[in-house]
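# Descriptive analysis of the structure
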There are 2 protein chains.
Amino acid sequence: MRINALAYGLLASVALTSPVWANESTMKNTSDPNNWAMQQGDYTGQRYSKLDQINTKNVGTMKVAWTFSTGVLRGHEGSPIVIGNMMYLHTPFPNIVYALDLDKDAQIVWKYEPKQDPSVIPVMCCDTVNRGVQYADGKIFLYQADTSVVALDAKTGKEVWKTVNADPKKGETGTGAPLVVKDTVIVGVSGAEFGVRCFATGYDINTGKQKWRAYSMGPDADILVDPEKTLSLGKPVGKDSSLKTWNGDQWKLGGGSIWGYMSYDPDLNLFYYGTGNPSTWNPAQRAGPDGKQIDQKWSMTHFGRNPDTGMAAWAYQMTPFDEWDFDGINEPIIADIKVKGKERKVRVHFDRNGFAYTLDRATGELLVAEKYDPKVNWATHVVMDPKDPQYGRPQVVAKYSTFLNGQDVNTKGVCPAALGSKDQQPASYSPLTGLFYVPTNHVCMDYEPFKVSYTAGQPYVGATLSMFPPEGETHMGNFVAWDAGEGKIVWSEKEQFSVWSGVLSTAGGITCAGTLEGYFKCRDQKDGKELYKFKTPSGIIGNAFTYGHKGKQYIGIFSGVGGWAGIGLAAGLTNPTDGLGAVGGYAGLRNYTNLGGSLTVFTLP
Amino acid sequence: MRINALAYGLLASVALTSPVWANESTMKNTSDPNNWAMQQGDYTGQRYSKLDQINTKNVGTMKVAWTFSTGVLRGHEGSPIVIGNMMYLHTPFPNIVYALDLDKDAQIVWKYEPKQDPSVIPVMCCDTVNRGVQYADGKIFLYQADTSVVALDAKTGKEVWKTVNADPKKGETGTGAPLVVKDTVIVGVSGAEFGVRCFATGYDINTGKQKWRAYSMGPDADILVDPEKTLSLGKPVGKDSSLKTWNGDQWKLGGGSIWGYMSYDPDLNLFYYGTGNPSTWNPAQRAGPDGKQIDQKWSMTHFGRNPDTGMAAWAYQMTPFDEWDFDGINEPIIADIKVKGKERKVRVHFDRNGFAYTLDRATGELLVAEKYDPKVNWATHVVMDPKDPQYGRPQVVAKYSTFLNGQDVNTKGVCPAALGSKDQQPASYSPLTGLFYVPTNHVCMDYEPFKVSYTAGQPYVGATLSMFPPEGETHMGNFVAWDAGEGKIVWSEKEQFSVWSGVLSTAGGITCAGTLEGYFKCRDQKDGKELYKFKTPSGIIGNAFTYGHKGKQYIGIFSGVGGWAGIGLAAGLTNPTDGLGAVGGYAGLRNYTNLGGSLTVFTLP
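Now for a look at the structure at hand.

The rules behind each value
- Residues numbered from 1 in each chain as written.
- Chains lettered and ligands numbered in written order.
- Predicted model: local features only at pLDDT ≥ 70, side-chain atom pairs only at ≥ 80, totals over all residues.
- Heavy atoms only, no water.
- Helix = DSSP H or I, 4+ residues; strand = E, 2+ residues; numbered from the N terminus.
- Buried < 20%, exposed > 50% of the residue type's maximum accessible area, 1.4 Å probe, protein only.
- Contact = heavy atoms within 4.5 Å.
- Areas by Shrake-Rupley, 256 points an atom, 1.4 Å probe, with all protein chains shown as cover.
- Lys, Arg positive; Asp, Glu negative; His and termini not counted.
- Charge placed at Lys NZ, Arg CZ, Asp CG, Glu CD.
- Core = buried A, V, L, I, M, F, W, Y, C linked by side-chain atoms within 4.5 Å.
- Phe/Tyr/Trp six-rings, centres within 6.5 Å; stacked < 30°, edge-to-face > 60°.
- Lys NZ or Arg CZ within 6 Å of the ring centre and 35° of its normal.
- 1 Å grid on protein atoms, 1.4 Å probe; cavity = no way out; pocket = protein on both sides within 12 Å on 5 of 7 lines; lining within 4 Å.
- Points joined across faces, edges and corners; volume = space filled by probe spheres on them.
- Nonpolar A, V, L, I, M, F, W, Y, C, P; charged D, E, K, R; others polar.
- Least-squares fit on C-alpha atoms with pLDDT ≥ 70 in both.
- Salt bridge = Lys/Arg side-chain N within 4 Å of Asp/Glu carboxyl O.
- Pairing = 2+ DSSP bridges.
- Axes fitted to C-alpha atoms, helices over the stretch in contact; angles between N-to-C directions.
- Buried area = accessible area lost by both parts, 1.4 Å probe.
- Polar contact = N/O pair within 3.5 Å; in protein donor to acceptor, adjacent residues only side chain to side chain.
- Disulfide = S-S within 2.5 Å.

This next bit is on the overall build of chain A. For chain A, the helix and strand inventory stands at 5 helices and 40 strands. Expressed as lengths along the three principal axes of its C-alpha atoms, the size of chain A is roughly 65 × 55 × 55 Å. In chain A, which comprises 605 residues, the proportion classed as buried is 69%. Taking the intrachain contacts of chain A between residues at least 6 apart in sequence as the baseline, contacts between residues at least 24 apart amount to 63%. Of the roughly 18,400 Å² that chain A leaves accessible, carbon and sulfur atoms contribute 51%. Seen as two clouds, the 58 positive and the 60 negative side-chain charges of chain A have centres 2 Å apart.

A few words now on the nonpolar core. Core analysis: the largest hydrophobic core is formed by 72 residues, its most contacted members being Trp66, Met87 and Phe520 of chain A together with Trp66, Met87 and Phe520 of chain B. Setting aside residues no more than four positions away along its own chain, tryptophan 66 of chain B makes contact with Phe534 and Lys535 of chain A together with Met87, Leu100, Leu102, Ala106, Tyr547, Leu599, Thr600 and Val601 of chain B. With 53 residues, the next largest nonpolar core counts Cys126, Leu268, Met476 and Leu589 of chain B among its residues.

Tallied over the full model, the rule gives 68 aromatic pairs over all chains. One aromatic cluster is present, built from ring pairs that chain together Tyr316, Trp324, Phe326, Phe355, Tyr357 and Trp378 of chain A. The ring of phenylalanine 199 of chain B has arginine 213 of chain B sitting right over it, with the charged end atom 3.8 Å from the ring centre. Lysine 533 of chain B extends its terminal NZ or CZ atom over the ring of tyrosine 519 of chain B, reaching a point 4.3 Å from the ring centre.

Turning our eyes to something else, we now look at the layout of surface pockets. Residue and element names in this part refer to chain A. Each pocket or cavity is described by its volume, and for the second largest pocket that value is around 460 Å³. Forming the boundary of the second largest pocket are 20 residues, of which Ser232, Leu233, Lys297, Tyr391 and Arg393 lie nearest the centre. If you list the elements that add at least two residues to the lining of the second largest pocket, you get strand 16 (235-236) and strand 20 (312-317). Considered class by class, the residues forming the lining of the second largest pocket number 9 nonpolar, 5 polar and 6 charged.

Turning our attention to the relation of the copies chain B and chain A. You can overlay chain B on chain A at an RMSD of 0.0 Å; the transform is a turn of 180 degrees with a shift of 0.0 Å along its axis. Interpreted geometrically, this transformation is the action of a two-fold axis. The fraction of interface residues of chain B whose copies in chain A are also interface residues reaches 100%, indicating that both copies meet through the same surface.

Counted under the stated rule, the structure contains 54 salt bridges over all chains. Here lysine 526 of chain A ties to aspartate 524 of chain A by a salt bridge, and the two come within 3.8 Å at their closest N and O atoms. For lysine 526 of chain A, a relative accessible area of 60% puts it in the exposed group. Residue classification places aspartate 524 of chain A among the buried residues on the basis of a relative accessible area of 11%. Aspartate 295 of chain B is the salt-bridge partner of arginine 393 of chain B, the closest N and O atoms lying 2.6 Å from each other. Linking arginine 393 of chain B in the loop between strand 25 (379-382) and strand 26 (394-396) with aspartate 295 of chain B in the loop between strand 18 (270-274) and strand 19 (301-305), this pair joins segments that are 98 residues apart in sequence. For arginine 393 of chain B, a relative accessible area of 25% puts it in the partly exposed group. The buried category is assigned to aspartate 295 of chain B, whose relative accessible area is 12%.

Moving on: the sheet that holds strand 38 (residues 545-549) of chain A. Residues and elements named next belong to chain A. A sheet is described by the order of its strands in space; here 4 strands give the open sequence 2-40-39-38, paired in antiparallel fashion. A strand with exactly one partner marks an edge of an open sheet, and here the two such strands are strand 2 (63-69) and strand 38. In this sheet, adjacent strand axes meet at a mean angle of 25 degrees when their direction is disregarded.

Now for the interface of chain B and chain A. With 30 residues of chain B in contact, the opposing surface of chain A contributes 31 residues. In this assembly, chain B packs against chain A so that about 2,400 Å² is buried in total across both faces, 48% of it on carbon and sulfur atoms. Our count for the chain B to chain A interface comes out at 0 salt bridges. Summed over the shared surface of chain B and chain A, the number is 18 residue pairs in polar contact (both at pLDDT 80 or more). For the side of chain B that touches chain A, the elements supplying multiple residues, two or more each, are strand 2 (63-69), strand 6 (107-112) and strand 37 (530-535) of chain B. Sorting elements by how many residues they give to the side of chain B that touches chain A places strand 2 of chain B first, with 7 residues. Split into classes, the residues belonging to the side of chain B that touches chain A amount to 13 nonpolar, 12 polar and 5 charged.

Turning our attention to the sheet that holds strand 11 (residues 179-181) of chain A. All names here are of chain A. Strand order in this open sheet of 4 strands is 11-12-13-14, and the pairing throughout is antiparallel. At either margin of the open sheet sits one strand with a lone partner, and together these are strand 11 and strand 14 (210-215). The sheet shows a mean angle of 20 degrees between the axes of neighbouring strands, taken without regard to direction. Sheet analysis places strand 11 next to strand 12 (residues 184-187), joined by 3 bridges and oriented antiparallel. Opposite valine 180, over in strand 12, you have valine 185 as the bridge partner.

Once that is clear, we can look at the pairing of strand 32 (residues 477-483) of chain B. All names here are of chain B. Where burial is concerned, most of strand 32 is hidden: 6 out of the 7 residues are buried. Where strand 29 (residues 435-441) and strand 32 come together, 6 bridges link them in antiparallel fashion. Bridging across to strand 32, threonine 440 finds its partner in asparagine 478. Hairpin geometry of strand 32 and strand 33 (residues 488-495) is characterised by an intervening segment of 4 residues between the two adjacent antiparallel strands and by a positive phi of about 70 degrees at glycine 487.

Moving on, we get to unusual backbone geometry. A negative phi angle characterises most non-glycine residues, just as the trans form characterises most peptide bonds. Omega for the bond connecting phenylalanine 93 of chain A with proline 94 of chain A falls within 30 degrees of zero, at 15 degrees, which places this linkage in the cis form. Looking along the chain, the bond that leaves cysteine 415 of chain B and enters proline 416 of chain B is cis, with omega of 0 degrees. In this structure, arginine 47 of chain A takes a positive phi of about 55 degrees despite not being glycine. On the secondary structure map, arginine 47 of chain A appears in the loop between helix 1 (24-31) and strand 1 (48-49). You will see that aspartate 137 of chain B, though not glycine, has its phi angle at about 50 degrees, which is positive. Looking at where aspartate 137 of chain B falls in the secondary structure, it is placed in the loop between strand 7 (134-136) and strand 8 (139-143). Given a relative accessible area of 40%, aspartate 137 of chain B falls into the partly exposed group.

With that settled, consider the state of the cysteines. As enumerated under the stated definition, the model contains 6 disulfides over all chains in all. The disulfide bridge from cysteine 512 of chain B ends at cysteine 522 of chain B, spanning 2.2 Å between sulfur atoms. Judged by the sign of its S-S torsion, about 110 degrees, the cystine formed by cysteine 512 of chain B and cysteine 522 of chain B is right-handed. You can see cysteine 512 of chain B sitting in strand 35 (residues 510-514) and its partner cysteine 522 of chain B sitting in strand 36 (residues 519-524), a full 10 residues away along the chain. Within chain A, bonded cysteines paired by disulfides and numbered along the sequence follow the pattern 1-2, 3-4, 5-6. Looking at the unpaired cysteine 198 of chain A, the closest cysteine sulfur is the one in cysteine 125 of chain A, lying at 11 Å.

Here it is as C-alpha cells:
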C-alpha cells in the first residue's frame, strides 16, 4: 500500500513547503512490500501488506520458520522492522537493538546496548515497554526509556548522534516509536502519571538538533497552535485555547502524554497523534475556578500537525475533563473510505474512551464517533450536530462521573476501564474489505479518586482502581471488525483476555494478532473465522508484521507478556489493586503464561 | 526400553536385599514410552525412547507444536519430565518448578518458586544451571542451587518436606538431578572450585531424613567403602584407600564434586556416578610428601554403590592426580553390549579426559578405554594389561603435564580443555544400532597453575585457562557415534561450537540434540545425516526428550544459552580469560544467539 496511492489531491489550506515527499528512503522502503520498513508498516499506519503468498486458503498450514530470544524479559511491544535482508529489533528496557542478517540465517550483525540508569524503571507507569525502532536514511532511530533519542548507523550499530529529550528524574520517560518525516524525527514523552506537562519534539535526523517542541497544554507559543488558523470542530481555536481551560497553574502539571503510534499524510504534510490524560487522575483537583468541570485542553486530543514546524493544523478533544484516565493516545490510521456514502480522506482512531472516531484528516472535522464496544457506559453518545453547543462532546452519564460522585467515593462499574476499550495495541485497516481490525479490551472498573500532592518524580495518580469483565461476562477482550464509515461493528470474536497485540492485515485476506495467553492467531478478514493458532513462548503484546525474503512470505510476532494488562506478571506484583488495578483484573493470566521475550517467525511449509 | 529387559541374571557377588525393584512408580512410569518419566529417560540413562512415530522418513517434516517461556534467562540444562498428561519443568536459579497440563494445552497447574539467597550465584562455578526435577511416588524432587532438597506434591506443588543438604556459604551448591531409587532420593554436591570435600547423600523420600552420606575422599567410614569388599580394577581397595593417596590434610579440601546424571541397575541394586576434580586446580599444591604425583582418591572416580546403604561395590579412578580439571562426573550409561565379541553387562561413560570407558557394571572391571576425540593429547593411552603396574592408568605425556611444567608456567595446547571432550551434556545409547551418540567438545587449552590460599566460600581454583579449537581447525564440537565395545568412532559430524546438549535416540532411528547457536537437529543414527534443523530462540544446553500424548509423538528441548561454554553470554562476561577461559573460546557465540529460556516442542504436521 504505497502512500502515493492516497495522493488524490491537496487541500489548499495546507501549504506544501518541502521539495521532497516525506522521507524519501522511508517512502522507497515502504513501497516494497517485502520490507516492513516502519513500525506502522507505512505512513498510513494501516498495518496492511500487499503480500499474499500466505492467504486464507493456506494460512492454516503455516509453521514456525525461526525464533530469536531477545535476551530480555518483560513486556515486548512493537515489532522488528525489515529492510532488504536486514532485520532490526529492539527490546524493552534496557532497549537493546539487534541487527540480524536474514541472508545469513538471522545471524547477529551488531548489537547496541545503551547504558541506562535503572532508576527510570519505577517511573515507567505501565511496564518497561518500548514500541520499536525506526529506519530512515541509513540510520536506526531508537527512543530510550530514559528519553535519549539515538541515531545509529544501520550498517554498524555505531552511534551517529544522541540527544536527551527529557528528564526521567521528573517522571519523564520514553516508550513510543519515533516517526521520521523528511529530515525530522519526532518523539513524544510520557509522564502524565507524574504530573509532567508532556510534549512532542522534532529533531533533525542528521544532527539531533531540536527543530521544534509542541506541548500538550499551556500558552499558544508552547503548544504550537495558531489561534486563527488552527481548527477545532471547524472553527479556529482562538487565543489561549489551552490556558483558559485550566484552573490557575494546574496546566503546568498538565499531563497529556504522547506515546502512541503516529501517522503521516505526505500530501497534506500533516502528521497525526493523540495526547493523554490530564494530571492527576483525581478530577476534583482539576475542577475549574467555579468548582465545575473544565476542559483541560489539549489533553485527550488528536492533532494534525506540520512536521517541519510542529504547528497544528487542527485539534480535536475526545474527552474533555477526563475523569477515568481515558488517555487519548491511540494511533490514528489514515485511509480513504466512504463515510455515509461519500468518499472521504479520513484518519480513524479507536479511543481509550470506547468511541471510534473518524475525522477528516485535513481539517479534523468530526465525521463519525460511535462505540466500538457495546458495553461502553460512561457516556451515551457524542453530539454530532454542529449547531448543538455540545457539538463533538461525549454526553457523560452522571452515575459514572467520578467527579460528580466525588473524591474518596468508589464509582462502580464504569466501562471501559482506565486502560480503555483499546490501549496502545495498534489496529489495522484492510483495503480489501474496507474494514478496520481492532484488538480490544472488554473491561470495566471501579474508580476511587483521592487527593494527591505533587512532588517532582513521584507518582501523581490520585485514584485507586480495580478492573474486571463487564457484568455477567467472563471474557475480557474482543477482536473486532469495524466499519469506520458507518460506525458499526461488522463482526466481533471473543477472547479470554484483552487483545493487547497489534494487528496485521494482508492482501491474502487474513488479519493476525496475538493474545495475552500467548496464542498467535490469524483470522479471515471477511468473517473473523480463526484460520491459524499457535502458542508462542509467552503472552503477546507485540505487533504482528510481515516481510518477504527470497520469494517467501514470513509473518512474525514478539511474545513477552507485560504492558499494563500484564504488569502483574511482568513486575511480579500480587496485590490485586497494584498495577493501577490490572493485577487483580488479569490475575488469571498466570495460569497460561509466563515472562518471556522472543520473536517467532512463521512461514508456509 | 524397560530396565527389566536388561535383567538377564544376577552376579552372586552382589546381594539383593530389597523386596522391591527400584522405585516402583518410576519403573512403572518409565515402562510407558509415552512418558519421559526421568531426566535420564529411565534408570539406564540410555535416553532412548521406543516411540517411533517420528522417524528417519518423516522427521524432516517436523514442525513446532508449542512453546513455553520459563520466565528465567541464563543456561537451561536438563529437560522437562512427562508423566501421563502432566509435564513438570524446572528453571535455572531461582529453580522455579512448573506443572503443565498437556490435556489443557499446557496450562500452568501450579508453580513453585523457592526463595533462595542470591548470594549462592557467585559460588556456582559455571552458570546458574540446574539439571532437572525427578518424579516418584506422587512427588516431585527438586534439588536447589542452595542445596535444599525439596519434595513437592505433584498434584498441588505444595512442599511435602524440605531439607538442607549442604552450605552455600562454604561454596557448596546443588545443580545435579536427584536419583530416586526405592525409597531413597540421592543427591550430590558441587564445590571442588571452592575446596569443598564433596559427597553424595541418600534421603528418605517420604520424610527427607538422611539415610547415608558418602564422601568422595577421606576415611573409609566417610567414603563408605569396605576395604575387603569394595573392588577397584578387580582387587579390594584395602584400608585407607583414599587417605593414603593425599598429602596430609589436603583431602579435607579435596573436591570430588558430584553433579552429573546418575544411573541405576535394579538387578545389581547398584547406582552409578562419577566424582570430580581434586581441589585445587594447581597440582603443585596437591603433590605427595615426596613432591611427586599422588592419586588423590577417590576424586576423578566412577563408583557403583548400593542405594540403600551408600556402600561402594566398586570404584575406578580415571585420572589419578588430575592436572587439567578433567572432572570425572560424566553420566554412566547402562547397556548390555558385545565387548570385543563377548556379551557384557556394562556401564559406559565419556569422560572429560577424552577417554570413553566401558566398565563391567557389577565389578568395575575395565573393559575398554579409548579416545573418543582423536585430538586428545594429554595421555597416550590407558594401560589395559592387568599385569602391568600401570594397569588402568592413563599414560601422561610429559609435555602436557601442568605439574611437571610447574607452577606459574603456561602449559600450551593441552587437548581436551578443562571442560573436557564432553561435559555434563548426556550421551544416548540406541539398541537399534548398538551405538552411543555423544555430544562432544572439540577444544584445547593453555593452562597456567598458580598458588592459591583456601578461604571457606572463596574460589580455590588456582589456574588460569584459555580455550580454543585444536590447532589448524575452527570447529569446536563434534556429534559422535561411538562403538563402546570396540572403542571406536563410527561416524562424526562437525559442529561449529561444542555440542552442549543432551542427546535423545528413538526407535524411529533418529538421534537429536541442540547446538550452542540454538539449532535443534535430528540425525540418522546410522550415518549421522542431518534430517532436521530448526533455530530455537536461544542457544541449547538442554537435553532432548520425547513423549506421546493422545496418539501423537512429541520431541522437545529447552533453549537458553549458558553453562560453562556459554557463561560469557549468560553472565555478561567479556574478558577473554573470564569464565575459566570459556569467554574467549566461545566469544563467537554472541554473533548467533542470545540469553533465553524457553521450551520448544515439535511434532509431525
